[in-house]
Amino acid sequence: MNASVTRRDAVLGIAAAATSFAVPSILRAQSAGRVVVVGGGFGGAACARALKRAQANLQVILIEPNAVFTSCPFSNEVIAGLRDIEAQQFGYDRLDAEGVTVISQAVTTIEPQLRSVVTADGVALPYDRLVLSPGIDFHFEALPGYDDAASEKMPHAWKAGAQTLLLRRQLEAMPDGGTVAIAIPANPSRCPPAPYERASLIAHYLKTKKPRSKILVLDAKDNFSQQRLFERAWKELYGDMIERIGLSQGGRVTSVDPATGTIVTEFGNYTPDVANVIPPQRAGRIAEVAGAADATGWCPIDPVTFESKLVPNIHVIGDACLGGGIPKSASAASAQGKACASAIVSLLAGRAPETPRLTGVCYNIVAPGYGFSLAGNYQPRGDIFAEVEGGATSPVDAPRELRAREAAETERWFQTITADTFG
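Values in this document were obtained by computation on a predicted structure and should not be read as measured data.

J.: Describe the environment of K235, listing the residues and the values that go with them.
T.: Here K235 is to be found in helix α9 (residues 227–238). For the pair K235 and P192, spaced 43 residues apart in sequence, the C-alpha separation works out to 21 Å.

J.: Account for the packing of aromatic side chains, with residues named and values stated.
T.: Any aromatic ring pair is given by two values, namely how distant the centres are and how the planes are angled relative to each other. Following the criterion strictly, the structure yields 18 aromatic pairs and no others. Centre to centre, the rings of F42 and F422 are 5.8 Å apart; their planes meet at 65°, and the pair counts as edge-to-face. Here F42 is found in helix α3 (residues 42–54), whereas its partner F422 is found in helix α12 (residues 400–422), with 380 residues between them in sequence. Residues F230 and F372 carry aromatic rings whose centres are separated by 5.0 Å and whose planes lie at 85° to one another, so their mutual orientation is edge-to-face. Placement of F230 in helix α9 and of F372 in strand β21 (residues 370–381) is noted, with a sequence separation of 142 residues between them. You'll find F230 and F372 in the same group, each marked buried. An aromatic cluster is built from F42, F69, F74, F90, Y92, Y363, W413, F414 and F422, whose rings are joined through pairwise contacts. When the ring centre of W298 is taken as origin, the NZ or CZ atom of K328, which lies over that ring, is 4.1 Å away.

J.: Kindly report on the sheet that holds strand β20 (residues 358–367), identifying the contributing residues and their values.
T.: The three strands are arranged β20-β21-β22 in an open sheet whose pairing can be described as antiparallel. Strands with a single pairing partner mark the edges of an open sheet, and in this sheet they are β20 and β22 (384–393). With direction set aside, neighbouring strand axes in the sheet form an average angle of 30°. In terms of strand pairing, β21 meets β22 through seven bridges, oriented antiparallel. Bridge assignment links N377 to a residue of β22, and that residue is V388. Relative to β21, α12 is tilted by about 60°, and along the sheet it contacts β20 and β21.

J.: Report on helix α7 (residues 162–173), specifying residues and quantitative values.
T.: Taking 1.5 Å per residue, twelve residues should reach 16 Å; α7 reaches 17 Å between its end C-alpha atoms and fits that length. The complete set of buried residues in α7 reads Q163, T164, L166, L167, R168, Q170 and L171. Where α7 is buried, its residues contact α4 (75–79), α6 (148–151), β11 (179–184), α8 (194–209) and β17 (274–277).

J.: Provide a residue-level description of the pairing of strand β1 (residues 34–38), including the pertinent values.
T.: For a regular strand, the rule is simple: side chains alternate between the two faces of the sheet. Counting buried positions along β1 gives five out of five residues, so the element sits mostly inside the fold. Taking every second residue as pointing to the same face, both faces of β1 are buried, with R34, V36 and V38 on one and V35 and V37 on the other. Pairing of β1 with strand β2 (residues 59–63) involves five bridges; the strand directions are parallel. By the bridge assignment, R34 is partnered in β2 with Q59. The β-α-β motif built from β1, the intervening α3 and the parallel element β2 has right-handed crossover chirality. Two strands pair when backbone bridges link them, and β1 and strand β9 (residues 129–132) are joined in this way by four bridges, in the parallel orientation. The residue bridging V36 from the neighbouring strand is L130, located in β9.

J.: Pulling in residues and values, what's your account of the nonpolar core?
T.: Ranked by size, the top nonpolar core spans 105 residues in total, and within it L51, I110, L130, V180 and I215 carry the most contacts. With nine residues, the single largest contributor to this core is helix α11 (residues 330–348). For L51, the contacting residues outside a window of four places in its chain are V35, V37, L58, V60, A341, I344 and V345. One finds A183, L218, A275 and V277 within the second-largest nonpolar core, a separate group that totals 14 residues.

J.: A description of the sheet that holds strand β8 (residues 124–126) should follow, citing residues and the corresponding values.
T.: In spatial order, the strands read β6-β7-β8; together these three strands make up an open sheet with antiparallel pairing. Each edge of the open sheet is held by one strand with a lone partner, namely β6 (107–111) and β8. Averaged over neighbouring strand pairs, the angle between their axes works out to 25° when direction is ignored. As paired strands, β6 and strand β7 (residues 116–119) are joined by four bridges and run antiparallel to one another. Paired with V107 across the two strands is T119, which belongs to β7.

J.: Mind laying out the pairing of strand β13 (residues 242–245), listing which residues take part and the relevant values?
T.: Of the pairings in the sheet, the one linking strand β12 (residues 214–219) to β13 comprises four bridges and is parallel in character. Paired with V217 across the two strands is R244, which belongs to β13.

Procedures and definitions
Residues numbered from 1 in each chain as written. Predicted model: local features only at pLDDT ≥ 70, side-chain atom pairs only at ≥ 80, totals over all residues. Heavy atoms only, no water. Helix = DSSP H or I, 4+ residues; strand = E, 2+ residues; numbered from the N terminus. Phe/Tyr/Trp six-rings, centres within 6.5 Å; stacked < 30°, edge-to-face > 60°. Buried < 20%, exposed > 50% of the residue type's maximum accessible area, 1.4 Å probe, protein only. Lys NZ or Arg CZ within 6 Å of the ring centre and 35° of its normal. Pairing = 2+ DSSP bridges. Axes fitted to C-alpha atoms, helices over the stretch in contact; angles between N-to-C directions. Contact = heavy atoms within 4.5 Å. Expected span 1.5 Å × (residues − 1). Right-handed = clockwise from strand over helix to strand, strands pointing away. Core = buried A, V, L, I, M, F, W, Y, C linked by side-chain atoms within 4.5 Å.

Below you can see the structure in the form of C-alpha cells.
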C-alpha cells in the first residue's frame, strides 16, 4: 500500500471517529492546523505544495476526483496532431511524497459554518482554511441548444482530455475542402488567447493535410488579446485560410442545433463540417455550492489573501476568481496558488499577509517553431488585481529567429511549470 493511501485512510479514520468540532482541536495539538484544497490543477496543486513546503507541520489535504491531471496548455497541439495526449498528463505522486494527503474524490457539500468539506463517499473533512481551485464550468443557459450531450457532436475541447481527442478525430475524419468553425465566447473566459492559438494550429494541420479546407472563427468580441500578432501570423503563414467574423459583423453565436450541426449567429446560420463550440463560462460548480460565486458566476476575493468576499475562511484561486486585470491562465493560477499559500500561513500564525505581486504570462504557438507571448505584472488595487509596470509583449515586426526562440521558450515554460507544480 502506498503512502498516499495510508495517509488518506488515516484522515478518513479521524473524520469518521470524531465530530467536526473535535477534530480541529486534536489537529491543532499536533500540527499548525489543517488546510483543505479542492481542485488539483495548476492553482490547487501549486497551492498545496507551497503550503506544505512553507509549514512542514501543517496538515494539507488535496481533494481531486481525477488521479491524472490533463493540462490545457499545449492541448491545442494535441488537437493539431503535433503532440500526444500523454505528454499533457501528470499525477500527484510528488505531492504525496512531500507530505500532501491526496484524496481522489469529488466534493459534494461544503459547510462553511462547520468548516467542513464532504466528499462523494460521505466523509466529512474539517478545515481551518479551505482553498477552492475548481477552474471553470460552462454556462449552458447562456447558449441555447448547447449542453453536455451537444458537446459530443460539437466539442468544446475547453477541458483537456476526452474532448481534446474527440475534436482531433473529427478533424482527421473531415474531407479536404471542408470547413471548421470555432465559436468563441465573450470574456471573461479561460485563457482568452487560446481560441486563436487553436485556430492557428488547426490551420497548420489543414495546410499540411487538407489544404483546400477553411476555418471560420465566429467571435463574440471585436478585439482580442495579441490580435495584431495573431492576424499578422495568419496572413504570413496561412493566407486566406482563416476568416474571422467579429461581434460587430454578427459573429456572436446565439444558439446551436446539434441535431443538424448548425451554429446560429446574430446575422446568419452556419453548418460546418466540424463545429468547435466554446460556450460561455463561469466558476467551477463547487464554488457555487460553497456560496463563493456571485451573480456574475465568478468569485469575488480579497486580492491580498484570496479570501472570498462572500464566505469567511474560504479562499478562491485560479480561473474561478474575479481577478480583475490578471488573465485566467495556468501561469496566473500557479502564481495565485503560491501567493495564497503564503497568505494562509501568515493568517494561521496571526501575522498580516504580505501584499502579493504576481506575474502572468500567456504563450502562444501558431505553427511549429513560431511563437509569441504577453507578460504582465499585477498587484492588488481595491478589490481586484491591476496591471502595473514591467509587462512586455512580443514585437509585431519580428524576424522568424525571434519567433523560433519564443516557441522554444514556450516549451521550456511548460516543462518548468509542470515540474514545479506536479514534480
